[in-house]
Structures are given as C-alpha cells and as structure tokens.
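# Structural overview
Residue strings, one per chain:
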Amino acid sequence: MASDVLVRRCRRPLLWTLALGLGLLGERGLLLTPGPNGVVRHTLVVALIASSAWLLYRVATLGIDVGLARYAVGPRDAARIRRVRTQADLLRRITGALSAVLAGAAILMTFHAVRTFGASVFASAGLLGLVAGVAAQSTLANLFAGMQLAFGDMVRIGDEVVVAGEWGTVEEITLTYVVIATWDQRRIVMPVSYFAGKPFENWSRSDPAITGTAMFHLDYSAPIPELRDRFSAVLRSTRLWNGKGEALQVVDTTPTTLVVRALMTADNASDAFELRCLVREELVAYLRQEHGYALPRISVGSADGSFPGSRAPGKPLRQQGRRGGADG
C-alpha cells in the first residue's frame, strides 16, 4: 500500500513530461509561420525542462522513501532509525534545491541573450562567487551545518534535547533551521549553526532511557529506612519506572535538615518527569500521614514577637536562689 502511494507521486510529472516531449516532437507538423513556430517550440522546451526536473525530484524522493520504508520495517535500533530518517529528510531537501537550481540554469540557457552573455559571466565568476559568498555567509554556514548535523549524527528528529535552557523534542531539521517542540506545546526555531557551534544536551542520542532525581529536605529525625521502603513500593506500583535502577540516599546536610535524594530510571525523559512528580507527591504524603515529625521545622516567633526560651516583655527574669545558685 505504501509503495502504491509513493508511485502515485511520480504519475503526474511523468505524464506531463511525456506529453510535452510528444508535443515537441510533433511541433514541426503544426502549420505555423516561422515566428510563432519558434515561440511555441521555445515554450515547449522550457516546460519540458521544468517537468523533467519535477520528475527527477519525485523519482529521487521515491527512492529515498522506499529505502527508508524498507529499513524501518524490520526490528531496528530506535536511535538508528531516527538518524536514517533525519538523513533521508535532508537528502530530500537537497535534491529539491538542486533540481530547482539545475532546471533554472537550463531554462536560462535556452535564451539566446543569456548564452551570448555567458562568456562574460563565466569570466567574472570568481568575483561574483566571492561577493555571493560574503553576502550569503550566514545562509551557507547554516547549509553546511545542517549537513553536518544530519550526517555527523549530532542530533536527529525525535531526539530529546536541552537548548538554551529549554527542554524539548526535535520536531524538524531543515537546511537552515531546527524546530524544537517543548513540553508546553511551544515551538523553538533555532538556526542549525547554533548546534554546530555551541554545546547542547542530547538526552537520547544513544539511549532514550534517563535517570531522574527528586530532592527532599527532611528533619534529622526522619526514618530513612522506612522512607526507602516506601520509595521502592511507589516505583513498583507504576509503569513509568523501567525497573533498571533505584536509590534513596542522604547526600548532604544543612544546619537544620537532611538532604535526601531519590534516584529512579525511566525509558524516556517524558516518563522520567512524570515519575519524579509522582515520587515527590507520594513520599511527601507518606511522611505527612505517618511521620509528621520528619518534615522540616523552622522555629518562629510567637504572636507577641518573642521566641521560644525568651522572656515576655515586662516580665522579670526568675530569681535564682542564693544557696549554691540553685532555684529557690
């Protein structure tokens, strides 16, 4: 079924190319004067070049899509499939650009004035190329950076990345820009030269699995063994945890609290985010219901502004006894 859809893409440009070719062959049979006959012939030639470029592009994309479809049928590594898909998408775009450029150049060469002017143009090609290179420096940099991204396996469509402090999924890679879909349904459009020249985080380059963390500040009296058991029970009650790793450890202390870190693994960044939220919610609820004393406590002043252990305003200190300093 997929192959039928791909073949139908080439039907229209093929029919146009055949019709224009037959029309060009039968053009001499038209009973026209030399002037109109030349105009008709030139129009057919221009249309034939355009339809041939269209057909060339569709045939090339047909081969690319067929190869990608066959590659994705069998059991393959998900990361490798994303890489091949990214490269195929970039090849389609390059093929389209080359087809358009070659067709435009061929059409221009059918005009006599352009052919006459061609010698002087080629003579100054070096200067024109230098000027064009300086004028399109940013565009060319993005073009080569896009090829480097696709064939250097730096980032692929579907990868989960952190760019400029934003986390998201690579949605589209073109010759000049990359589209990042964020968790809140925004779209960040970045030039591809950014990925080639600046560091970024790729969380799923080789394996989409990721380790998530949840931090807790607890009182020194917190029951860590019981909390660790509850943490294990929470992980085993949800499908978000992939069963590969778990740990609950006291990683630091402050003057008033223990710093407890919960580590858990998930199959991808989205599941890891949901799992971290679930663990925080469940463990805080467990401590609040079963071990309220383990939650962090901060000493504050009373309503009259005094603090625990201090005397109330207007009340004298209790006098000590005179015998050996004992209370009277």
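Scroll up a little and you will see the structure.
Presented here is an overview of the structure given in this document.

This paragraph deals with the overall build of the protein. Of regular secondary structure, the protein possesses 10 helices and eight strands. Residue burial in the protein is summarised as follows: out of 328 residues, 32% are buried. Put simply, of all contacts in the protein between residues at least 6 apart along the chain, 64% involve residues at least 24 apart. Approximately 20,600 Å² of the protein is accessible, and the part contributed by carbon and sulfur atoms is 61%.

Moving on, we get to the sheet that holds strand S6 (residues 210-218). The strand order across the open sheet formed by three strands is S6-S8-S7, and the pairing between neighbours is antiparallel. Strand pairing shows two members of the sheet lacking a second neighbour, S6 and strand S7 (246-253), which therefore form its edges. Here the strands of the sheet are splayed against their neighbours by 25° on average, with no regard to which way each runs. Taken together, the seven bridges between S7 and strand S8 (residues 258-266) define a ladder with antiparallel strand orientation. Within S8, the residue paired with alanine 247 across the bridge is leucine 263.

So, about the sheet that holds strand S2 (residues 166-173). Spatial strand order, S4-S3-S2-S1-S5: five strands in an open sheet with antiparallel pairing. Bordering the open sheet on either side are strand S4 (187-191) and strand S5 (201-202), each of which pairs with just one other strand. For strand S1 (residues 160-163) and S5, the ladder comprises two bridges, and the chain directions are antiparallel. Each bridged residue has a counterpart across the sheet, and for valine 162 the counterpart in S5 is glutamate 201.

As a further point, take the pairing of S2. Pairing of S1 with S2 involves four bridges; the strand directions are antiparallel. Across the sheet, the residue bridging to valine 161 is glycine 168, located in S2. The antiparallel hairpin formed by S1 and S2 contains two residues in its connecting segment, where alanine 164 sits at a positive phi of about 55°. Across five bridges, the pairing between S2 and strand S3 (residues 177-182) is antiparallel.

A complete count under the given rule lists six salt bridges for this structure. With a closest N to O distance of 3.1 Å, aspartate 159 and arginine 156 form a salt bridge. Here arginine 230 makes a salt bridge to glutamate 282, at a shortest N to O gap of 3.3 Å. On the criterion of sequence distance, the pair formed by arginine 230 in helix H9 (residues 224-236) and glutamate 282 in helix H10 (residues 269-290) is long-range, its members being 52 residues apart. One salt-bridge network, held together by shared partners, links Glu166, Asp184 and Arg186.

Here we take up the nonpolar core. Phe216, Phe231, Leu248, Ala262, Met264 and Val279 are the most contacted members of the largest nonpolar core, which has 21 residues in total. Elements with a minimum of two residues in this core: S6, H9, S8 and H10. Apart from residues lying up to four places away in sequence, leucine 248 is in contact with Ile224, Leu227, Arg228, Phe231, Val260, Arg261, Ala262 and Leu283. Among the nonpolar cores identified, the runner-up in size contains 15 residues, and Ile180, Ile188, Met190 and Tyr194 belong to it.

Moving on to the side chain of threonine 17. By the element assignment, threonine 17 lies in helix H2 (residues 11-25). At a separation of 3.3 Å, a polar atom in the side chain of threonine 17 contacts the main-chain carbonyl oxygen of serine 51. Leaving out residues up to four positions away in the same chain, threonine 17 has contacts with Leu48, Ser51, Ser52 and Leu55.

With that settled, the discussion passes to the packing of aromatic side chains. Going through the model one piece at a time under the given rule, you end up with three aromatic pairs. Arranged with centres 6.3 Å apart and planes meeting at 35°, the rings of tryptophan 167 and tryptophan 203 form a pair that is tilted. Residue tryptophan 167 is located in strand S2, and its partner tryptophan 203 is located in the loop between S5 and S6; the two are separated by 36 residues in the primary sequence. For the ring pair tyrosine 194 and phenylalanine 195, a centre distance of 5.8 Å and an interplane angle of 80° mean the geometry is edge-to-face.

Definitions and limits used
Residues numbered from 1 in each chain as written. Predicted model: local features only at pLDDT ≥ 70, side-chain atom pairs only at ≥ 80, totals over all residues. Heavy atoms only, no water. Helix = DSSP H or I, 4+ residues; strand = E, 2+ residues; numbered from the N terminus. Buried < 20%, exposed > 50% of the residue type's maximum accessible area, 1.4 Å probe, protein only. Contact = heavy atoms within 4.5 Å. Areas by Shrake-Rupley, 256 points an atom, 1.4 Å probe, with all protein chains shown as cover. Pairing = 2+ DSSP bridges. Axes fitted to C-alpha atoms, helices over the stretch in contact; angles between N-to-C directions. Salt bridge = Lys/Arg side-chain N within 4 Å of Asp/Glu carboxyl O. Core = buried A, V, L, I, M, F, W, Y, C linked by side-chain atoms within 4.5 Å. Polar contact = N/O pair within 3.5 Å; in protein donor to acceptor, adjacent residues only side chain to side chain. Phe/Tyr/Trp six-rings, centres within 6.5 Å; stacked < 30°, edge-to-face > 60°.

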